[in-house]
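This is what each chain is made of:
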Amino acid sequence: MNDLAEKALHGLDMTRRKVGERPMLAFGVLGFALSTVVVVAGARVGARRSTHPLTSWFGLQDSHGARADWVPGVVMVAGVVALVLTWIWTVEFVHRVGQPESRVWCLAAAWAAPFALGPPLMDTTVYSYTAFGLLQRHGLSPYDFGASRLGSGEIVAAIEPAARNVPSGVGPLGTLIEHLAVSISGGGSLGAVVVLRIVGVLAAVVIAALAADLAGRQRSRALTLTLLNPLVLLYVISAGHLDGVMVAFVLAALRVATQRRWLLAIVFACLAGSVSPQAFVVLPAILAVHWLGRRSVASWRLLGRDALVAAGTIAVVGFVVSDGFGWIWTVHKQFSAHPPFSIASGIAKLFTPIVRGASYDDLAAGARITVMTAMICVVAYLVATARQRALERTVGYSLLAVALLAPVLYPWYLLWGVLCLAPAANGRRRIAVLALCSAGCVLNPVGFSPTTSNIVAGCALAVVAAVTAGVLVLRRRAAARAEPVSAGS
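First things first, this report covers the structure right here in the doc. The numbers attached to residues start from 1 for each chain and follow its sequence in the written order. Local features in this predicted model are restricted to residues of pLDDT 70 or higher, and side-chain atom pairs are both shown and tallied only at a pLDDT of 80 or more, whereas totals for entire chains, interfaces and linings draw on every residue. Hydrogens and water molecules were not included; the side-chain quantities draw on all heavy atoms of the structure.

## What about helix α8 (residues 189–215)?
Okay, step 1: The end-to-end C-alpha distance of α8, which contains 27 residues, comes to 39 Å, matching closely the 39 Å that a straight helix rising 1.5 Å per residue would cover.
Okay, step 2: Note on conventions: DSSP H or I runs of at least 4 residues are helices, E runs of at least 2 residues are strands, and numbering of each starts at the N terminus. Gly-216 lies just past α8 and shows a positive phi near 70°. In this analysis, the expected span of each helix is defined as 1.5 Å times one less than the number of residues it contains.

What follows is the structure, given as C-alpha cells:
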C-alpha cells in the first residue's frame, strides 16, 4: 500500500509540474472538457422541452423515451458554473503573466468547438429566426405574423410555445440575414439553422478581432474577455443570437472612430441598429463625440452631414427589405414576459405595498414607465458628458443602461455593453465585466420548473454579488495599505 501510495503521489506531482509548465494547454483541455459536459447535458435538457428538435444532433438530442428528469439540468448548471470559474481563472492568469495572442486563439477554438458543433442551447431563438425567414419566403412579413402562421410544420414544433405567436423584433438587416439563411439552404429549416449558427461563429470571431484591435497592446487580455467569454459561447455561438452580429457592427464603429473616420463609424452604428434596434443608442454618442472634437468645420454643417449619412443609411437598409420599418410597431410585443430578476419587476414589487389595491398589470406598467424614464435620463447624461470618458465607455455604459433598464432582462442583453467595455477593461471595470458575464450565465438556468429555476438563479446571483463585493473590498483595502508606502518612498 505504501508503494502504491508513493507512486500515486509521484504521479500527481508529475502531473502538477507538467500543468505548471504548460498552463494554457491545461486551460484548453479543462475548458474543452467542461464545454463538452455543458453541451451534452444541455442537449438532454433540450430534448425534454415542450418542443420537438429538428434533428437528433449526432444522437445528443434524441427525445425518444425522454422523461422529466432534473439530473441533466443540474449537470448543465454545474458545468456552466465550472466553465465560468475556469474562464475567470484564465483571464486572471493571462492578465498577470501575459500570453501570445495565437495561444489564446487556440484556446478559444478548443472551448468553442463543442458549442459550435452541438445543438442550440439555452433557448429556441435560432429556430424563430428560421421561421421568420420562411415567412418571408412565403411572401409574408415577420413583423405581422409569428412562427405559428406557418402551420404545424417541424420548425414551429421546435420553437417554445410561448414564442410561436410573437412577431419579429429584429431590424431590417437582421430580417435580411434570416431570409438569406433560408435562401442559402434552399428553404430547408435545418440548413437555415446551420447557416445562422455559422453566422454566430463568424460574429464571435469578428468581435474578438475588433476587440483585440481596440485593446492595443493588451490584445490577448481582450481575447480572453470576449471570445473565451462563456456568455458569448452560450448565446452567440451556441444559441445563434443575432445580437453577436449587432455587437460586431458596434465594435467596428468604435474601431473606425478611433481612426477619426466618423462617417464610416456612423454607417456602422446604423447597420448595428438595423440588426437589433437597441443599438441605435450608439448613434448619439458617436455624433456627440464627433461634434465635441470638431476643429474648423461649423457645428451646423458637421451635424447636418452626420445626420444625412445616418438617415441615408437607415433609409437604404430599411427599404431593401419589404416592410423594413415594421419593427417599430412590434417593439412592445417583445416585452410581454415578466422575468423575475429585471429591475422593472423589482420596482413593481416595491410598488405593491405602497399602491394598495392596484392590479398586477398597473404595477408592471408603472414600473416599466419608471425604468424607461431612468434609461432615457442615464443615456442623455452619458451623451452630454461624453467628453469626460473614452467613446467605448460611453457606448458601453449606454448599452448597459438599455439592457439593465429595459422592461425585461435576458442574459444576452448584458453582452451589448460588456463587449464594448472589455477591450480596455482594467481594475474595477474588469471585475465588473467578469461579474456581469458570470451573472448572465446563471440568470436563466434551463432544465428546471419555473419556480426551481428562479430559486437557482436567485442563489447564484446572490453568490456572484457577494463575491464581487468581497473582491472590491479587498482591492480597496490593499490599495489603502499600499498608498502610505508609495507616499513614503
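Back to the write-up after that little detour.
## Considerations on a nonpolar patch on the surface
Okay, step 1: In this analysis, a patch consists of residues with relative accessible area above 30% that form no salt bridge, clustered at 9 Å for like charges and at 5 Å for the nonpolar side chains Val, Leu, Ile, Met, Phe, Trp and Tyr. Shrake-Rupley sampling with a 1.4 Å probe provides the accessible areas, and residues are treated as covered by the protein chains on show and by no other component. We define a salt bridge as a contact between a side-chain nitrogen of Lys or Arg and a carboxyl oxygen of Asp or Glu at a distance within 4 Å. A grouping of Val-37, Trp-70, Val-71, Val-74 and Val-75 is seen on the molecular surface, where their side chains present a nonpolar patch of about 420 Å² in accessible area.
Okay, step 2: Of all the elements, helix α3 (residues 71–97) adds the most residues to the nonpolar patch, at 3 residues.
Okay, step 3: Along the chain, Val-74 falls in helix α3.
Okay, step 4: Looking at Val-74, the relative accessible area reads 37%, which means it is partly exposed. Relative accessibility under 20% of the residue-type maximum defines a buried residue, over 50% an exposed one, and the middle range a partly exposed one, all with a 1.4 Å probe and only protein chains included.

## Observations concerning helix α10 (residues 230–238)
Okay, step 1: By the criterion of burial, α10 is predominantly enclosed, with 9 of the 9 residues buried.
Okay, step 2: Considered for burial, the residues of α10 that qualify are Pro-230, Leu-231, Val-232, Leu-233, Leu-234, Tyr-235, Val-236, Ile-237 and Ser-238.
Okay, step 3: The positive-phi residue at the C-terminal boundary of α10 is Gly-240, with phi of around 70°.

## Observations regarding the packing of α8 against helix α11 (residues 243–258)
Okay, step 1: The contact between α8 and α11 brings their axes to 9 Å, and the two run at 25°. The orientation of α8 with respect to α11, classified from their angle, is roughly parallel. With respect to the hand of their crossing, α8 and α11 are arranged in left-handed fashion. Here Val-199, Ala-203, Val-206, Ile-207, Leu-210, Asp-213 and Leu-214 of α8 lie close against α11, whose contacting residues are Gly-244, Val-245, Val-247, Ala-248, Leu-251, Ala-252, Leu-254, Arg-255 and Thr-258.
Okay, step 2: Here the contact of α8 with α11 is composed, by residue class, of 12 nonpolar, 2 polar and 2 charged. For every element, the axis is a line fit to its C-alpha atoms; helices are fit only across the contacting stretch, and the angle between N-to-C directions ranges from 0 to 180 degrees. In these notes the angle categories are as follows: under 35 degrees is roughly parallel, over 145 is roughly antiparallel, 65 to 115 is roughly perpendicular, and the rest is oblique. Should the near helix be turned counterclockwise from the far one by less than a right angle, the crossing is left-handed, whereas a clockwise turn marks it as right-handed. Whether two residues touch is decided by their heavy atoms; if any such pair falls within 4.5 Å, the residues are in contact. When residues are sorted by character, Ala, Val, Leu, Ile, Met, Phe, Trp, Tyr, Cys and Pro go into the nonpolar class, Asp, Glu, Lys and Arg into the charged class, and all the rest, Gly among them, into the polar class.

## Digging into the environment of Arg-305
Okay, step 1: Along the chain, Arg-305 turns up in helix α14 (residues 299–320).
Okay, step 2: On a C-alpha basis, the gap between Arg-305 and Leu-263 in space is 8.6 Å, while along the polypeptide they are 42 residues apart.
Okay, step 3: Beyond its immediate stretch of four places on either side in the chain, Arg-305 contacts Leu-263 and His-290.

## A look at the packing of helix α13 (residues 282–292) against α14
Each pair of packed helices can be summarised by the angle the axes make with each other and by the distance between the axes.
Okay, step 1: Interaxial distance between α13 and α14 falls to 10 Å at its minimum, and their mutual angle equals 150°. The pairing of α13 with α14 is recorded here as roughly antiparallel in orientation. Crossing angle aside, the handedness with which α13 passes α14 is right-handed. Residue-level contacts link Leu-283, Leu-287, His-290 and Trp-291 of α13 to Ser-299, Leu-302, Leu-303, Arg-305, Asp-306 and Ala-310 of α14.
Okay, step 2: When grouped by side-chain class, the residues that make up the contact of α13 with α14 number 6 nonpolar, 2 polar and 2 charged.

## Remarks on the pattern of salt bridges
Okay, step 1: Inspection of the entire model under this criterion finds 4 salt bridges.
Okay, step 2: The salt bridge partner of Arg-255 is Asp-213, with a shortest N-O separation of 3.9 Å. Of the two residues, Arg-255 sits in helix α11 while Asp-213 sits in helix α8, which places them 42 residues apart along the sequence.
Okay, step 3: Taking relative accessible area as the criterion, Arg-255 reaches 24% and is therefore assigned partly exposed.
Okay, step 4: Connected through shared salt-bridge partners, Glu-101, Asp-213, Arg-219 and Arg-255 make up one network.

## Looking at the side chain of Thr-90
Okay, step 1: Tracing the chain through its elements places Thr-90 in helix α3.
Okay, step 2: With a relative accessible area of 0%, Thr-90 lands in the buried category.
Okay, step 3: Leave out the neighbours within four places in its chain, and Thr-90 touches Phe-27, Leu-107, Trp-111 and Leu-228.

## Some details on unusual backbone geometry
Okay, step 1: Here Met-122, not a glycine, exhibits a phi torsion of approximately 75°, which is positive.
Okay, step 2: Along the chain, Met-122 turns up in the loop between α4 (101–117) and α5 (125–137).
Okay, step 3: For Met-122, a relative accessible area of 7% corresponds to the buried category.
Okay, step 4: The backbone phi angle of Arg-260 is positive, close to 60°, even though this residue is not glycine.

## Side note on the environment of Tyr-235
Okay, step 1: Within the secondary structure, Tyr-235 sits in helix α10.
Okay, step 2: Taking relative accessible area as the criterion, Tyr-235 reaches 1% and is therefore assigned buried.
Okay, step 3: A C-alpha to C-alpha distance of 8.4 Å links Tyr-235 and Pro-411, two positions 176 residues apart in sequence.
Okay, step 4: In this structure Tyr-235 touches Met-122, Asp-123, Gly-240, His-241, Pro-411, Trp-412, Leu-415 and Asn-444, once residues within four positions along its chain are discounted.

## What to know about the packing of aromatic side chains
Okay, step 1: Pairing of aromatic rings covers Phe, Tyr and Trp, the last through its six-membered ring, and needs centres within 6.5 Å; plane angles under 30 degrees mean stacked, over 60 mean edge-to-face, and all others mean tilted. Counted according to the given criterion, the structure contains 10 aromatic pairs.
Okay, step 2: Each residue in the set Tyr-235, Tyr-410, Trp-412, Tyr-413 and Trp-416 is aromatic and connected to the rest through ring pairs, giving one cluster.
Okay, step 3: Distance and angle both matter: a charge sits over a ring if NZ of Lys or CZ of Arg is within 6 Å of the ring centre and within 35 degrees of the ring normal. The ring centre of Phe-145 lies 4.5 Å from the NZ or CZ of Arg-149, which sits over that ring.

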